[in-house]
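Close look at the chain arrangement
Single-letter residue listing:
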Amino acid sequence: MNNGQIAEVFENIAGLLEMQGEKVFTIRAYQRAARTIERLPSELEDMVREEKDLKEIPGIGKAISEKIAELVNTNELAYYDRLKAEFPEGILDLMQIPGLGPKTTRRLWKELDVTSVESLEESIKDGRLASLPRLGKKTAENIARQISFARTKSQRMPIARAMPIATRIIEALRSRCPGIQQIQYAGSLRRYEETIGDIDLVCTSGSPQEVLDALVALPNVVDVLGHGDTKASVYLSDRIQIDLRVVDDRHYGSLMQYFTGNLQHNIQLRDHANSLGLSLNEYGLTHVDDGKLEEFADEESLYERLGLQYVPPELRTGVWEIPAALEHRIPGLVEIADIKGDLHDHTDWSDGRDPMEVMVAAAIDRGLQYLAITDHSVGRGIANGLSIERLSEHMKMVRDLDDRNPGIRLLCGTEMDIRADGTLDYPDSVLQELDWVVASVHSAMGQDRQTMTERIIAAMRNPYVDVVGHLTTRLIGERQPIEADFDAIFKAALETGTAMEINASPERLDLKDSHIARAREIGVPLVINTDAHTEESLDNVHYGIAMARRGWCEPHHIVNTLELPEFLEFLDTPKSERMKVFLRHA
Ligand code: DGT
Ligand code: CA
Ligand code: CA
Ligand code: ZN
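Here the focus is the sheet that holds strand 2 (residues 180-185). In a beta sheet, neighbouring strands pair by backbone hydrogen bonds and run either parallel or antiparallel. The sheet built from five strands is open, its strands ordered 2-4-7-6-5 with mixed pairing. Among the strands making up the open sheet, the edge pair consists of strand 2 and strand 5 (221-227). Strand-to-strand twist across the sheet, computed as the mean angle between neighbouring axes with direction ignored, equals 20°. Examined bridge by bridge, strand 6 (residues 231-236) and strand 7 (residues 240-247) share six bridges and lie antiparallel to one another. For A232, the partnering residue across the bridge sits in strand 7 and is L244. In the packing of helix 10 (residues 159-176) onto the sheet, the strands contacted are strand 2, strand 4 (199-205), strand 6 and strand 7, and the crossing angle to strand 2 comes to about 170°.

Right, here's the structure in full:
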């Protein structure tokens, strides 16, 4: 059982317990375990096999570590089976439809006797679902939409799943093959596409066979699709395919370019090479007249030889980038080192895993100049959202830690719910006390386009709302985005001086690349946030950077590239005047 499957079991347990009305504390322990496991850098299977103590993983206690061991060793969990037996079959499939969740699933079951996706669809068709109090027609339509989305869901993996797998395989190969010189992922993963078909690895080694043999012999490999002198392909469980190419150092640039794609980019580049009397393939450039081969050890020299500016992988979509590179119009894109602060972070005060001190130390470790502690507001009951009383205690602690850590500026913040009617979860008198307010949609995600647009813009008109968090609320491959007029929202952002978040958590990537490009064109101030719920997830910033780069953003488009003094000036300025400060420093 891989980490994804184990995490799903705990997620399901949490849902079933919630349907039973179990204590919030217990439900949260399972949710936290699931979240930790999804993001774990090593496979639990390997850890159990190596007899590592799972209790050392933060968020995993004795009871859960025993359940993990049982799952890994027997592929089953007696506790889970007993729990499932208390519910009708099919209830888990229902609960997993986004927009349903444990509470609504339980109502469907108890009040309509709906216990399967099929009977749910019937109850939507004959109007029984819409007639339930507090559900209604809109909810019914939204659920129908989510069902059809789930049906067409592709076999592609979300990047959040593919990236850790690729990283683990690279580490495993490195540790087993001393001959490896360079090894990197290519393909859609290197371009940071949202979903990944298969994982492509490119490697140089003094002994290629050693690497290819090591790949097919990895413990997680379930099937070998090909195993030759320069390449191998394997399946891991869940039909995850890995393609590996091993070449000599002198071909690395050409091969990396070829396997990074995308296909359209490669075709355009090949056409351009042809126009120069050259033919391009994965080994280099061949002169059409005399057959001479030019080899490229790095990508930069290949683009340069073709008279092009270097094209960063995130831009290789085959749309704008080749003409831009020919005219040397590719801008200096934002990089991780440009980011000076993180402005959306959770602690164990709400649904984060780590205490505030730990998050602060981790931010200092990463060289951040400022950090906003933004635990959930009171409306997020299940996420242990803060009442006004707790928020005031929370603020005291942030201020106290700020005094004790001169190396970083801590901001008292909140991630506050934008309620279904567009009102906010805290009154202005409370918001006024805070340094930084992230406002997010976490409920009633199925509202129609106009209602949703008005709801979000209403929140942006509040003078204390600094940024809108994860605007579309999508979860890649799991939950569809909200329907809204994004252009109108971006225009309102510019008008009100409200920033828009690029949420870097890899399950979300929200805003997505095309929205980022549009917001940038309109002139909206953007913020790249990790939305970290654990100290390690502060490292997710690279996903947000990649999305910003895919949207052609430079540092001056991103607010949290400002140095602390400039950022504080931005913050101290009333929202309506902030754009001026931003443009002056950018
Ligand atoms: P994926 O795996 O569906 O997420 O997308 P990619 O882009 O990783 O595609 P994949 O794995 O089929 O191939 C990796 C790269 O190899 C692709 O982006 C471009 C290059 N490539 C594959 N087939 C061809 C081809 O027939 N001609 C050229 N010029 N390049 C190709
Ligand atoms: Ca691929
Ligand atoms: Ca491939
Ligand atoms: Zn949120």
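From this point, things continue past the structure.
How big an interface is tends to be reported as the loss of accessible area on association of its parts. Parsing the chain into structural domains produces domain 1 (3-152), domain 2 (157-247), domain 3 (260-326) and domain 4 (338-585). On a C-alpha basis, the centres of domain 3 and domain 4 stand 39 Å from each other. Of the roughly 500 Å² buried between domain 3 and domain 4, counting both surfaces, carbon and sulfur atoms make up 68%. Taken as a group, E314, L315 and W320 account for 76% of the area that domain 3 buries against domain 4, more than any other trio of residues on that side. Linking domain 3 with domain 4 are one salt bridge. With a shortest N-O distance of 3.0 Å, R549 and E314 are connected by a salt bridge. On the surface where domain 3 and domain 4 come into contact, there are one residue pair in polar contact (both at pLDDT 80 or more). A breakdown of the residues in the side of domain 3 that touches domain 4 according to their chemical character gives four nonpolar, no polar and two charged.

Time to look at the coordination of the calcium ion (ligand 2). In a perfect tetrahedron of four donors around a metal, the angles come out at 109.5 degrees. In a perfect octahedron of six, they are 90 or 180 degrees. All of the protein donors around the calcium ion (ligand 2) are D198 (O), D198 (OD) and D200 (OD); their distances to the metal are 2.2 to 2.6 Å. The calcium ion (ligand 3) is placed at 3.7 Å from the calcium ion (ligand 2), the two being bridged by D198. D198 sits in the partly exposed class, given a relative accessible area of 21%.

Thresholds applied
Residues numbered from 1 in each chain as written. Chains lettered and ligands numbered in written order. Predicted model: local features only at pLDDT ≥ 70, side-chain atom pairs only at ≥ 80, totals over all residues. Heavy atoms only, no water. Pairing = 2+ DSSP bridges. Helix = DSSP H or I, 4+ residues; strand = E, 2+ residues; numbered from the N terminus. Axes fitted to C-alpha atoms, helices over the stretch in contact; angles between N-to-C directions. Contact = heavy atoms within 4.5 Å. Domains from an automatic or database assignment. Buried area = accessible area lost by both parts, 1.4 Å probe. Salt bridge = Lys/Arg side-chain N within 4 Å of Asp/Glu carboxyl O. Polar contact = N/O pair within 3.5 Å; in protein donor to acceptor, adjacent residues only side chain to side chain. Nonpolar A, V, L, I, M, F, W, Y, C, P; charged D, E, K, R; others polar. Donors = N, O, S within 2.8 Å, 3.2 Å for Na, K, Ca; no water. Buried < 20%, exposed > 50% of the residue type's maximum accessible area, 1.4 Å probe, protein only.

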